[in-house]
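# Analysis of the macromolecular model
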Amino acid sequence: MQAFVYHIPTRVIFGQGTEAQTAEQIGLAGAKRVFLVYGGGSAKRSGLIDRILADLAREGIACMTLGGVQANPRLGLARQGVQQAVEFGADLILAVGGGSVIDTAKAIAHGAACPGTDIWEFWLGRQKVTASLPVGVVLTISAAGSETSDSAVLTDESTGTKRGLSTPFNRPLFAILDPELTYTLPRYQIACGIVDIMMHTMDRYFTPTKGNQLTDAFAEALLRTVIANGPAALANSKDYQAMSELMWCGSVSHNGLTGLGAAVDFTPHKLGHELSGRFDVAHGASLSAIWGHWARYCLHQDPARFARFGRQVWNVTEPDDQKAAEQAIQCTVDFFRSLDMPTCFSELGIGVQPEEVLYQMADKATRGDTFLLGSFLPLNREKALEIYRRANC
């Protein structure tokens with residue numbers, strides 16, 4: 001086990017009806033001018049935004065809203081939000097939605113606290129975040145885990161570049177998790193969320209670090225819980241038990257707990273970002289399309305790790321590690337298919353791509369072959385290209 005520092009400052013308010021505590025939590029933060037960010041309109045149509053606005057008004061809290069956040073959150077809208085938040089004099093950014101909304105809120109919070117710096121400089125690694133406004137969250141989608149994570153992604157729509165940023169300043173101040181707010185999600189969105197939740201732990205679980213027993217057990221338990229409850233949530237989105245388990249798993253999967261003391265990998269995420277950035281496909285779908293091909297390419301690196309994954313997560317009983325590892329990968333791919341999630345490019349809906357496009361994605365993912373992807377089996381451009389080739393069917 002490696003040394004680590006674990007600090008999760010986010011206050012989680014979980015359970016039925018907790019949405020009503022939004023204004024109270026903002027009051028505890030001492031905020032008086034709230035900049036509220038939301039997505040494509042479902043939060044508005046459901047009445048959630050209006051309920052929150054009414055609660056804030058009753059508490060004498062001024063509020064300005066910005067809607068229109070899309071999946072694979074856009075840099076342009078975040079920049080617009082920074083300008084509006086500064087002009088409004090916001091002292092807290094409130095995200096009402098899922099991961100894309102939360103990540104946009106984080107970007108606006110950083111930009112509003114550092115108005116002299118273009119926020120994309122943070123995501124490119126040219127500037128370091130040194131200050132941010134507090135961010136509050138009312139979660140409506142169980143998937144990204146951004147409500148408790150130290151990470152956020154943005155996409156520069158002008159170049160199709162999708163980048164992630166990790167910083168302690170990304171941790172929200174509070175997160176309201178009311179499973180009933182996820183009841184109206186479409187089946188596809190629930191399925192994408194299930195994949196995303198699993199991958200946030202699997203990209204930590206496949207690590208070169210050895211002897212991390214408790215963290216491994218946390219990860220395996222979370223994955224078993226998602227696998228048990230995911231199909232029930234798809235069958236009935238108003239199943240409170242299933243939806244509440246997924247919501248909590250989503251938060252824990254990406255708050256750092258399931259990778260403590262270990263080097264993380266996140267190669268499938270980085271390969272998936274290129275698919276999302278270029279083709280604007282759903283994040284969870286990009287991950288399911290790439291994972292099986294990454295896993296089979298990396299299997300030789302540590303068959304025993306994949307075998308443990310199979311035995312602890314999928315109840316594989318095969319005694320031979322190589323065979324157990326192969327079965328574990330197939331179980332995972334089959335589970336993604338059972339969710340109607342894609343497992344290759346044609347199923348993703350982008351078709352078979354020419355070699356030139358595959359090369360461009362591999363080159364971009366490895367930043368001109370100057371950046372190694374991952375830690376489990378570090379990938380240069382040629383190795384990343386080979387995984388894209390395997391998925392290109």
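Residues numbered from 1 in each chain as written. Predicted model: local features only at pLDDT ≥ 70, side-chain atom pairs only at ≥ 80, totals over all residues. Heavy atoms only, no water.

Looking now at the sheet that holds strand E8 (residues 174-177). The strand order across the open sheet built from 6 strands is E1-E8-E5-E4-E2-E3, with neighbouring strands paired in parallel fashion. Here the strands that pair on one side only, and so sit at the sheet edges, are strand E1 (11-14) and strand E3 (62-66). Across the sheet, the mean angle separating the axes of adjacent strands is 20° when strand polarity is ignored. The sheet contact formed by E1 and E8 spans 4 bridges and is parallel. For Phe14, the partnering residue across the bridge sits in E8 and is Leu177. (Pairing = 2+ DSSP bridges. Helix = DSSP H or I, 4+ residues; strand = E, 2+ residues; numbered from the N terminus. Axes fitted to C-alpha atoms, helices over the stretch in contact; angles between N-to-C directions.)

Turning our attention to the packing of aromatic side chains. This model, assessed by the stated rule, comprises 15 aromatic pairs. Judged by centre distance (5.9 Å) and plane angle (75°), the ring pair of Phe206 and Phe376 falls under edge-to-face. In this pair, Phe206 is assigned in the loop between helix H7 (187-205) and helix H8 (213-235) and Phe376 in the loop between helix H15 (355-365) and helix H16 (381-391), connecting sequence segments 170 residues apart. Overall, the relative accessible area of 0% leaves Phe206 in the buried class. Note on Phe345 and Tyr388: the rings are 6.4 Å apart at their centroids and 50° apart in plane angle, and the pair reads as tilted. Placement of Phe345 in helix H14 (residues 345-348) and of Tyr388 in helix H16 is noted, with a sequence separation of 43 residues between them. Taken together, the ring pairs connect Tyr205, Phe206, Trp291, Trp294, Phe306, Phe309 and Phe376 into an aromatic cluster. When the ring centre of Phe88 is taken as reference, the NZ or CZ atom of Arg33 above it lies at 4.1 Å. (Phe/Tyr/Trp six-rings, centres within 6.5 Å; stacked < 30°, edge-to-face > 60°. Buried < 20%, exposed > 50% of the residue type's maximum accessible area, 1.4 Å probe, protein only. Lys NZ or Arg CZ within 6 Å of the ring centre and 35° of its normal.)

Tracing the chain through its elements places Val264 in the loop between helix H9 (240-253) and helix H10 (267-279). Along the sequence, Val264 and Tyr188 sit 76 residues apart, while their C-alpha atoms lie 28 Å from each other.

What follows deals with the nonpolar core. Of all hydrophobic cores here, the largest spans 72 residues; its most connected members are Met198, Trp291, Trp294, Phe306 and Phe309. By residue number, the principal contributor to this core is H7, which donates 10 residues. The residues contacting Trp294, other than those within four sequence positions of it, are Phe206, Asp265, Thr267, Pro268, Phe306, Phe376, Leu379 and Ile387. Among the nonpolar cores identified, the runner-up in size contains 36 residues, and Ala78, Phe88, Ala112 and Ala175 belong to it. (Core = buried A, V, L, I, M, F, W, Y, C linked by side-chain atoms within 4.5 Å. Contact = heavy atoms within 4.5 Å.)

If you walk through the whole model with that rule in mind, you get 17 salt bridges. Measuring nitrogen to oxygen at the nearest pair gives 3.3 Å for the salt bridge that ties Arg126 to Glu121. Here Arg308 makes a salt bridge to Glu220, at a shortest N to O gap of 2.6 Å. Taken together, the residues Arg308 in helix H12 (residues 303-313) and Glu220 in helix H8 connect sequence positions 88 residues apart. Overall, Glu220 belongs to the buried group, its relative accessible area being 3%. Connected through shared salt-bridge partners, Glu355, Glu386, Arg389 and Arg390 make up one network. (Salt bridge = Lys/Arg side-chain N within 4 Å of Asp/Glu carboxyl O.)

This brings us to the environment of His269. Here His269 shows up in helix H10. Apart from residues no more than four positions distant in its own chain, His269 is found in contact with Asp196, Met199, His200, Asp203, His283 and Leu287.

Moving on, we get to H7. Under the 1.5 Å per step criterion, the end-to-end length of H7 is 27 Å for 19 residues, consistent within 8% with the ideal 27 Å. With respect to burial, H7 is a largely interior element, 16 of its 19 residues being buried. (Expected span 1.5 Å × (residues − 1).)

Moving on to the packing of H12 against helix H13 (residues 321-338). It is at 7 Å that the axes of H12 and H13 come closest, and there the two elements cross at 55°. By the angle between their directions, the pair H12 and H13 is classed as oblique. Relative to H13, H12 is oriented so that their crossing is left-handed. When H12 is examined against H13, the residues Pro303, Ala304, Phe306, Ala307, Phe309, Gly310 and Arg311 are found in contact with a partner set consisting of Asp321, Gln322, Ala324, Ala325, Ala328, Ile329 and Thr332. Of the residues assigned to the contact of H12 with H13, the class counts are 9 nonpolar, 3 polar and 2 charged. (Parallel < 35°, antiparallel > 145°, perpendicular 65-115°, else oblique. Left-handed = near helix turned anticlockwise from the far one by under 90°. Nonpolar A, V, L, I, M, F, W, Y, C, P; charged D, E, K, R; others polar.)

Within strand E4 (residues 92-97), 6 of the 6 residues are buried, which leaves it mostly tucked inside the rest of the structure. By the alternation rule, side chains of E4 split into Leu92, Leu94 and Val96 and Ile93, Ala95 and Gly97, which are all buried. Examined bridge by bridge, strand E2 (residues 33-38) and E4 share 5 bridges and lie parallel to one another. Note that in E4 the partner of Val34 across the bridge is Leu92. Pairing between E4 and strand E5 (residues 135-139): 5 bridges, direction parallel. Counted as the bridge partner of Ala95 is Val137 from E5.

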